[in-house]
Amino acid sequence: MVNLLEVKDLRTLFHTPEGTVYAVNGISFHIDEGETLAVVGESGCGKSVSMLSILQLITIPPGEIAGGSALYRGQDLITKTEKEMEEIRGQEIAMIFQDPMTSLNPVLTIGRQITESLRTHKQMDQHAAEKRAIELLDMVGISDPEHRLGDYPHQFSGGMRQRVMIAMALACGPSLLIADEPTTALDVTIQAQIVELVTRIRNQVHMAVIWITHDLGVVAGIADRVLVMYAGYIVETAKVADLYENPRHPYTGALLEALPRVDRRRDRRLKSIPGAPPSLLMEPLGCPFANRCEYVIERCKDSNPPLTPVDKDDHSIACWVDVRTGIPR
Amino acid sequence: MPEKSTKIAILTPDELETPPLSLTQLAWRRFKRHRPAMIGLVVLSLLVIYALGGSIFLSEKFANFNDTSQRLLTPTIDHPFGTDSIGRDVLARTIYGGQISLLIGLTAVVVETILGILVGALAGFYGGIVDNILMRITEAMLNIPEIFLLIVMAKYFGGKIPELDLFGRTFSGSVVVIVLIIGLTSWMYLARIVRAQFLSLKENEFVLAARATGTPNIDIIFRHILPNSVAPIVVSATLGVANAILAEAYISFLGLGVQPPTATWGNMLDGANNYLESAPWLWFFPGLLILLTVLSINFLGDGLRDALDPRSRTV
Amino acid sequence: MTSYIIRRFLQGIPLLLIISVILFALMMSTGDPVATMGGRRVTRASDYERLKRQLGLDKPIYTQYLYWLVGNTWTKVDVDGDGITDTPGTRLGILRGDFGNSLVNRKPVMQVIGERIPNTLILMLSGELIVILGALIVGVYSALRQYSLLDHTVTALSFIGYSMPIFFIALLLMFVFAVLFKRWGLPYLPTVGMFDPQVGKSVGQVLYHMVLPVVSMSVVSLASYSRYIRSTMLDVLNQDYIRTARSKGLSNRTVIFVHALKNASLPIATIVGLDLPFLLGGAVVTERIFAWPGMGRLFLDHVSRADTPVVMGILMLVAVAVVVFQIITDVIYAWLDPRIRYD
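Novice: I would appreciate a short explanation of the interface of chain B and chain C in the present structure.
Specialist: A common measure of how large an interface is: the accessible area buried when the components associate. Taken together, the contact pairs 35 residues of chain B with 38 residues of chain C. Elements supplying a minimum of two residues to the side of chain B that touches chain C: helix H6 (128-143), helix H7 (146-157), helix H11 (230-253) and helix H12 (281-308) of chain B. Ranked by the residues each element gives to the side of chain B that touches chain C, the list is headed by H12 of chain B, at 8 residues. Taken together, the residues of the side of chain B that touches chain C sort by class into 25 nonpolar, 4 polar and 6 charged.

Listed below in structure tokens is the structure:
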């Protein structure tokens, strides 16, 4: 069975006046039809850049997709021409972004912003496109959709704008939705609503979802599998329950420990990870997490561990040490 | 606690930082990177040398020496820029004219900078009704095109000031008049910039601290806030020189500026369209010099703007 | 939106009043007040006194300002200069369009100016059109081809363009297109006046004569505003919503000319408003060089002959035009930007 999307050894760089930024350093993962994959990591770890690279949405220059492949239904997206990508974007793979305020065009009506994908990809006429747009707005929970077609983004609240974005993304029925931190800019109650909305829709239409976030709390509610990224590398992948019960990479463990919990003793300090993420201007030598890791050994400083499976299925980590025992693997 | 090993070839953002430099050094570094600005600086220096240094080789008498038998000669070795309608050497006149044009440019900027800072600082600092009145006046002045005001003021105040003797040269009173009226019609842009600076800096804590220690307002304005606004003032003043040189050129071209026999690049172009075809060297060289001067100042100003405010975008 | 329009207009009124005060002060401080008010130079002291009273110059300055502003038909003035105000005044004041009579030809100022306004308007409107279209085209193109040779050339030319005095541009253009073209036997452009008197004032003639003046006037503004549009366009192209548009698989053409351009061109309205004073000033110089019979040339002619009523009339008119025009462009901007229109 061919995966819906299979990414192999993707590398992306940015050439800046200060030097070359190694944003994505050879990541490999896959996602199947109808599956929900969460991509977790702190700011700057390369989660957004990797997804933008797959859709060829990186500005080149200063960006450069330096290697690897992204096979969508067997076809490599990295080598496709711009025209070919225009067919894929919106229609096969759709994307929604973090800040709904700036991600919608302020001078075009939302009706226009929805119908234009329909008219471009499905060759619908204006009337049919508007009908479909109204259906979509209804599906995402916008009340009185007929009259809101002619409204502009600034006339909606933050949560509603994100719903509009979702309607826009779903318009042409894509098989894969990439959601780049869609709830980070929203307040907590709205967050829950959006997560619930996406979950409902993906169940309805059997759509695969890649959900990028730095919030481990959200992941638990929506994902089947999780990727943990750090400094442009994938450091752990696992099924979601497995990740929470059995984190096997020191970074994942530290992330989970750092989550504030209601049931923790009140006089205990919040645990944070000492140190700072490495500067991406240097091609890392050795494991990028080594200088902050509790379990670091000599080997970690000299060579970068590859992503290898652990004894359980579908669970891989990039580490030289077994965190359960402290013994090198 | 993990030991921090120095062998790791991973640098934290801290370690990547360059050694600390003073603000001026940083600004100079950024300035040097801006190629057009460096070119502008070089060209401008050459022009200044031309205008000032040229007077070592050619006397003012020579510039004003007219021999109508030599009128309207095309450029030759004797007269590299040709001669004008009454036989004066154009090259010499561009040298002395350049001195006047540059001088007017600089002094007018001094006038407009002082006015602009005063108005802007008072409006921004005191706010309220002072701000309201001053800004209404500023807006009113901005709405009347500069050239119109210049023309009227030049015509009506033109003859009022007598000749001056400075630096061994005789300046007709019209030079002072021109400087004043250009200054009086150009301060508004700087006033708005200074006011904006004051409005934002006024809320900063160092102002609060100064007030708490009983510093009088005047000191707060001139010794605390103003030095922090230097960057936009410098940029504005630099570009203001270009504007003043152009303003002088316009008004002299219209015959209302500096009066002959004192030459300026602008008044050398007065009546030039009579000689459009027959003697193009009459208008070409002064015009070219104006263009080169203003252009290099504009490059310079652009570079300064980038160097002093790294957050502003390069266009 | 309507409240915005009303507010803007209301804001314009005190502005115009202040401008009128400034201009009145200017007028009062220039030259012989007797000449200012429309008399001729007199030598006898008693005549001077009489003339002063006749012209109302013995009144306090704010009264003079008031009469200048709204006229004196509602009060009595001293017509024969004997010190007794016995006759009703005849001046209507500038608010009713009465700027007095020209000292040069005794015609009402409004009439003198009115004859010349259309000629200047032709130049200005054409110039503005060229500036807007040109700045959009050049600005957008250089933004799309950022850092290319084309972009660098355009930037360099723009810098040169707005560093040149208009009259130098005009002289160069005249030299190339009138003098050199003629020498080389090519069809050449005229440099004097609005039409050839032998051919008569036809549309073709005017258009033909318009080319050089309009181009000279537009170059400077075109140069600076194309850079501005380039900068705005670059800003817009970096916005998140452009990335969203791309992610929907829209064609590059649609992304740039619909999504980006609609946003980048909004500031044009403001630019046009801000540029008017400069364009008007440019008209003065351009009309002088090309002997174009417009308001700018009128201004110069009458300034040189110290015809204060006409000079003041033009100044006031120009200022009013600028204020009103800026209000109009602000309103147009507010109307074009949905964020302001639907508030």
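Having put the structure on the table, let's press on.
Novice: Please clarify how unusual backbone geometry should be interpreted in this entry.
Specialist: You will see that Arg 73 of chain A, though not glycine, has its phi angle at about 50°, which is positive. For His 206 of chain A, which is not glycine, the phi dihedral falls at a positive 55°.

Novice: Got a minute to help me understand the pairing of strand E10 (residues 233-239) of chain A in this structure?
Specialist: Within a regular strand, side chains alternate between the sheet's two faces. Residue and element names in this part refer to chain A. Judged by how many residues are buried, E10 sits mostly within the fold: 6 of 7 residues are covered. Judged from the 6 bridges that link them, strand E9 (residues 225-230) and E10 form a sheet pairing that is antiparallel. Directly across from Met 229, in E10, lies its bridge partner Ile 234. Following E9, the chain reverses through 2 residues before pairing antiparallel with E10; Ala 231 in that reversal takes a positive phi of roughly 50°. As defined by bridge partners, E10 adjoins strand E12 (residues 316-317) across 2 bridges and the pair is classed as antiparallel. Within E12, the position partnered with Glu 236 by the bridge is Ile 317.

Novice: Is there a simple way to think about the nonpolar core in this case?
Specialist: Nonpolar side chains in soluble globular proteins generally cluster together in the buried interior. If you look at the biggest cluster of nonpolar residues, it comprises 257 residues, and the most contacted ones within it are Ala 167, Ile 210 and Val 235 of chain A, Ile 151 and Ile 178 of chain B together with Leu 315 of chain C. Residues from two domains meet in this core; each of domain 1 (32-108) and domain 2 (110-336) of chain C gives at least three. Look past the residues within four positions of Ile 210 of chain A in its chain and what remains in contact with it is Ile 31, Leu 37, Val 39, Met 51, Leu 176, Ile 178 and Ala 179 of chain A.

Novice: I'm lost on the sheet that holds strand E6 (residues 93-96) of chain A in this one. Help?
Specialist: Remark on secondary structure: sheet strands pair via backbone hydrogen bonds, oriented parallel or antiparallel. All names here are of chain A. Overall, mixed pairing links the 8 strands, which are arranged E6-E7-E8-E3-E9-E10-E12-E11 in an open sheet. Two strands in the sheet have a free side with no partner beyond their single neighbour: E6 and strand E11 (308-309). Across 5 bridges, the pairing between strand E7 (residues 176-180) and strand E8 (residues 208-213) is parallel. By the bridge assignment for E8, Asp 180 is matched with Ile 212. Against the sheet, helix H1 (residues 47-54) makes contact with strand E3 (36-40), E7, E8 and E9, and its axis sits at roughly 145° relative to E8, the strand it touches most.

Calculation rules
Residues numbered from 1 in each chain as written. Chains lettered and ligands numbered in written order. Predicted model: local features only at pLDDT ≥ 70, side-chain atom pairs only at ≥ 80, totals over all residues. Contact = placed C-beta atoms within 7 Å. Helix = DSSP H or I, 4+ residues; strand = E, 2+ residues; numbered from the N terminus. Nonpolar A, V, L, I, M, F, W, Y, C, P; charged D, E, K, R; others polar. Buried ≥ 20, exposed ≤ 12 C-beta atoms within 10 Å, placed from the backbone. Pairing = 2+ DSSP bridges. Core = buried A, V, L, I, M, F, W, Y, C linked by C-beta atoms within 7 Å. Domains from an automatic or database assignment. Axes fitted to C-alpha atoms, helices over the stretch in contact; angles between N-to-C directions.

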